[in-house]
Amino acid sequence: MSGVFRLAGRGRIDPSRPVAFRFDGRLIRGYAGDTVASALLAEGRHLMGRSFKYHRPRGPVSAGSDEPNALIGVGEGGRYTPNLRATQVEIHDGLVAVSQNRAPSLRFDIGALNTLAAPLLPAGFYYKTFMWPRGFWDKVYEPLIRRAAGLGRAPEAPDPDHYALHYAHCDVLVAGGGPAGLAAALAAGRMGARVILCDENAEFGGSLLADAYSRIDGLTAMDWVARMVAELERLPNVQLLTRCSAFHYGPHNMVALNQRLTDHLAMPPADMPRERIWQVRAREVVLAAGALERALVFEGNDRPGIMLASAARTYLHRYGVACGRKAVVVTADDAAYRVALDLAEAGVKIAAIADLRPVPGGTLVEAARARGIRILPATTIQRAHGHLRVTGAELAPVGEGGAVGKGRAVACDLVLMSGGFTPSLHLHSQARGALRFDDALGVYLPGEAIERVRSAGACRGVFALDAVLRDGVAAGLAAAGGENGPEWRVTRQDAPGTGGFAGALPRRGPGHLALAFVDFQNDVTAKDVKLAVREGFRSIEHVKRYTTTGMATDQGKGSNVNALAIVSNVLGRRPEEIGLTTYRPPYTPVTFGAFAGHARGDQFDPLRLPPMDGWARARGAVFEDVGQWRRARYFPRAGEDMAAAVARECRAVRSAAGIFDASTLGKIEVAGPDAAEFMNRFYVNAWTKLGVGKCRYGLVCRDSGFVYDDGVVGRIAADRFHVTTTTGGAAGVLNMMEDYLQTEWADLDVWLTSVTEQWAVIALQGPRAREILAPLVDGLDISAASMPHMTLREGSIGGVPMRLFRVSFTGELGYEINVPSGQARAVWDRVWQAGAACGLTPYGTEAMHVLRAEKGYLIVGQETDGTMTPGDVGCGWAVSKVKPDFIGKRALALPAMNAPDRLQMVGVLTDDPLSMLEEGMQLVAAAHIPAPTSAEGHVTSSYFSPALGRSIALAMVKGGRGRMGTGLYAPCLDGPPLKVTLVDPVFYDPEGARLNG
Amino acid sequence: MLLIDCPYCGPRAEIEFAYGGEAHIVRPAADVSEAEWEAFLYLRDNTKGVLAERWRHSHGCGRFFNALRDTRTDRFLAFYEIGTPRPETGEAA
Ligand SMILES: [Zn+2]
């Protein structure tokens, strides 16, 4: 077998299937079933990455998803994914992986000089140092920090894979497929409940994957797991998901799972999604998340070759890898003795077991002693020696009262540490369940739950295998509502560990602990945490933010309890008085692609196309996005830029006629016996006297008195109004109408129907519009006398039903031809052909804006910003003085809403007619005022007006209507301020002669 | 994601609904004092506990309705129609 540290006949890898992959360019051989970490360890290699802040050489500390150190980049091009845990990445032929955060190479890294500066880089260093001088931030500090910060690099090409999203419902979701989860799933599954069992690993088993000792019903642990999985697979009501992490627990038992489908495959099927997010709504949830071993905090505890004891056991039994030749075990817990026994049996020399406890005892300790392993009670580790790999451990006695004696070095190439086990509370905590501190175990356990959730097994402090199985069955039965569940006989097992340790290990003398790491991933040391407390941070949440401990992507899995204990010791308060920081999703990192799912590119947002979109595309229109709508912005002819095209389109409308697709206008039909009363209450305008066949400009306010939307309303019949809204406001106006109708005015008999998509709108505008349209409308008299401005007629156009509005948003004689959307293109083509001889020209949204600005017509959302009254924007005339009530009436009577210095809409002309203002520019009182100053107003719309041959602008100015003819200044970023004069906002045809033509 | 029991359609996912703010805010007549109008517009209880609130099944039946929700736990205690009084739950508001 390849790999000098590979042990033949051990592990769950497949020796008949060799696999070759590359790590930092070098070819590495492993076997099917290996991870990148196990394959590298099989070659005797622990060094796999450099740390975040100090660029310290690092190797894997764990064998699972809690890994903080061995973070690697995997894949190439668009498939490159940074920061994956080498302990989870399954190898396949052709896999390409690289180490991160090193330059030029992993073995020699310049950034490691940061370590020498570690005493100078304490907690809060950035906050303290980079505050001053202010000017240094942009030029010196930020570029330096940006270059140094962050792990890995982002992929540089678009992600070629696709990702799926799947909604599922079940009776019982079991998160975690170790012994407790398997027992719970089977107990619930046998009851007939719809069960989903998920596990983040490639196969089920959890802790049993690394357990060669226990026997269940006479079977080895993994044979029992195989039997369990086989039975679960036979149950049609049970769904089994491996490589699937439950990473988010949302309200009402909505749990998100992330399933990895192709990353472990050398040749994934082309149509298979790379990952799938499951949104599972579960009636009941069983959390069987297990427990994670805690690291010990001592000087140099991050050297490659120092790892959790349980991790070494996993590499031995799951991957057939010995993590070293000579190990020192440092523990405060019995479980590490089992690891020592297993390793010794596999041929690894155990140099010593240093036990922090004064009198370790029990069957495991006796078994180790019987095997001749040297046990050093009341002994701690002072520091680890070595650089790229640990070379020795300095062990020292701990006397009465915690005094540490003189240490002595023990040579080794592997240090295994165990501070005991921390139950994984992340999902319970995400579900807002309470936590309670257990004095006997010295850890937090799940407390009272809010959701329909229960924990089972090690994640709630139950560690003995027989008890774990019973606990799992009980949870499964309770979740599924059953009483009789499966039973198994555990014929051999270790007694659950006793003891445990949290915090920084005791030291001889005034050690500074500058390189005793609490949070490996964020390079937070015990000294940092102590410093934070000394500097006055008392809340664990503040200590977390100040030091960044627990804020890395491992979510503090290995560090939170040690950080808590250090704070607890410094403050002299019990851990439960300090509390834990809030666990936040995701439990493990999830790729952005999985979150995006299919919502990318064209699928990101629905695209709404008006009926004449195809016509406009065929004409070479340039488009713009308006909300979800794609609208034609202008129709350039050969050689024209936007300014030239827009000017030509504007001139055509003013001199002949233009045609415009206005179908995106929001449309709502208001019908019913009380329709007029509803309109009276909803709009600021009065509607009772509006005759059938007449139109009126309508303005909607909120009850705050501020303008919300506007649009022309036509009265189709006594009991029926055709309401138009702004393009962007359609949904909001309908929702607001429904709100008042359903919740305030239940006395009204009115029906509201959105007809935006049903009616297409062809705007025909210009002095020759009537001449073009008259022959087309079937038997309808549209003469000026018969159909004046602001009227509407129902009829047909070439046999197509039509609501014809004589309205104008250009200031010209104009019509808006409403026809059913499905027949709109045919009508458009007829109008287009009929207009050819009259100079009919298509125009887009840009010309529409210019034309309306020349007339001083406001656009809600451009001139208004949610704090403008109708009076502010020159529409006070629209507000009824006689209606007893309407939305906004009371607020509009407030003194502040009528203050003389409110912003009011005005026209603005630059003194130089060719100078252009920019929308958003501030207007100030004098050319040179030292900043900061307050503005007199701001520019809301600015265009070049072809009709006037000069620039024009609209602005909101304090008391603007009383300041006509006076001057202001618009400061520019790149030049002297522009002098402007305030004028009436109607720049063109103020008498409205053209409109009424 | 909340599971919301529309009184007209039954239980649906929160994504189908739009939130409508605190319920039982009475819109005063147009002749009330400035202070009363300001209170109507802007003053809300910001309850920590059982809150009566409005929802609209905007991507379903379109109806507004009221719900009692414990803001500490997101647990719903009741769903009821607009215009009907707040149900008694035995829990303090
Ligand atoms: Zn509904």
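Bear in mind that the values here come from a model prediction, so they are computed numbers and not experimental data. (Residues numbered from 1 in each chain as written. Chains lettered and ligands numbered in written order. Predicted model: local features only at pLDDT ≥ 70, side-chain atom pairs only at ≥ 80, totals over all residues. Heavy atoms only, no water.)

## Description of the overall build of chain A
For clarity, the threshold we go by: Working definition: helices are DSSP H or I runs of at least four residues, strands are E runs of at least two. Numbering for both runs from the N terminus. Burial here depends on accessible area, computed with a 1.4 Å probe over protein chains only, as a share of the maximum for the residue type. Under 20% is buried, over 50% is exposed, and the range in between is partly exposed. Residues are treated as being in contact if the distance between any of their heavy atoms lies within 4.5 Å. Only the protein chains shown count as cover for residues, and the accessible areas themselves come from Shrake-Rupley with a 1.4 Å probe. By the counting scheme adopted, Arg and Lys are positive, Glu and Asp are negative, and His together with the chain ends is not counted. Here the site of a charge means NZ on Lys, CZ on Arg, CG on Asp, or CD on Glu.
Of regular secondary structure, chain A possesses 24 helices and 50 strands. The C-alpha extent of chain A, read off along each of the three principal axes, is 115 × 70 × 55 Å. Counting over 997 residues, chain A shows a buried share of 57%. Within chain A, residue pairs in contact and separated by at least 24 positions form 66% of the contacts whose partners lie at least 6 positions apart. Accessible surface for chain A amounts to roughly 39,400 Å². Of this, 54% is attributable to carbon and sulfur atoms. A distance of 5 Å separates the average location of the 108 positive side-chain charges in chain A from that of its 102 negative side-chain charges.

## Structural notes on the overall build of chain B
For chain B, the count of helices and strands is 1 helix and 6 strands. Beginning at the N terminus, the succession of helices and strands in chain B can be written as β-β-β-α-β-β-β. On the principal axes, the C-alpha backbone points of chain B span a range of 40 × 30 × 20 Å. Across the 93 residues of chain B, 40% fall into the buried class. Within chain B, contacts between residues separated by at least 24 positions form 44% of all contacts whose residues are at least 6 apart in sequence. Per element, the accessible surface of chain B, about 5,100 Å² overall, is 49% carbon and sulfur.

## Some remarks on the coordination of the zinc ion
Residue and element names in this part refer to chain B. To keep it simple, the criterion reads: Counted as donors are the N, O and S atoms within 2.8 Å of the metal, or 3.2 Å for Na, K and Ca, while water is not among the atoms, so some sites may look incomplete. Every geometry call rests on angle ranges, with four donors termed tetrahedral when all angles are between 85 and 135 degrees, four termed square planar and six termed octahedral when opposite donors are over 155 degrees apart and all others are between 65 and 115, and everything else termed irregular.
Looking at the metal site, the zinc ion is ligated by Cys6 (SG), Cys9 (SG), His57 (ND1) and Cys61 (SG), spaced 2.0 to 2.3 Å from it. Geometry at the zinc ion is tetrahedral, judged from the 4 donor atoms that bind it and their angles of 104 to 116 degrees at the metal. Its relative accessible area of 28% is what places Cys9 among the partly exposed residues.

## Description of the nonpolar core
Residues and elements named next belong to chain A. The cut-off we apply is this: Put simply, a nonpolar core is a bunch of buried Ala, Val, Leu, Ile, Met, Phe, Trp, Tyr and Cys residues held in one set by side-chain atoms that sit within 4.5 Å of each other.
Phe23, Val36, Tyr315, Ile350, Leu395, Leu416 and Met417 are the most contacted members of the largest nonpolar core, which has 85 residues in total. When residues in this core are grouped by element, the largest group, 7 residues, is from helix α8 (residues 335-345). With residues up to four places along the chain from it excluded, the contact list for Val36 reads Phe21, Phe23, Ile72, Ala86, Val89, Ile91 and Leu95. Within the second largest apolar cluster, 43 residues are counted, among which are Val873, Cys875, Phe886 and Leu954.

## Regarding the sheet that holds strand β43 (residues 814-820) of chain A
All names here are of chain A. In plain terms, the rule: Pairing between strands requires that DSSP locate at least two bridges from one strand to the other. Fitted lines through C-alpha atoms serve as axes, helices being fitted only where they are in contact, and the angles separating the N-to-C directions of these axes extend from 0 to 180 degrees.
Read across the open sheet, the 6 strands follow the order β41-β42-β43-β40-β34-β44; overall the sheet is mixed. Every other strand in the sheet has two partners, leaving β41 (791-797) and β44 (840-842) as the edge strands with one partner each. Neighbour-to-neighbour, the strand axes of the sheet open up by a mean angle of 25 degrees, direction not taken into account. Bridge count between strand β42 (residues 800-806) and β43: 3 bridges; the pairing is antiparallel. Paired with Phe805 across the strands is Glu816, a residue of β43.

## Some thoughts on the UniProt feature "domain: GCVT N-terminal" (unreviewed entry) in chain A
The condition is simple: UniProt positions are given in the numbering used here, feature names are shortened, and annotations may be inferred rather than shown by experiment.
If you check UniProt for "domain: GCVT N-terminal" (unreviewed entry), the listed places come out as residues 614-882 of chain A in our numbering. Note that residues 614-882 of chain A is 25% helix and 30% strand, and that its end C-alpha atoms are spaced 48 Å apart.

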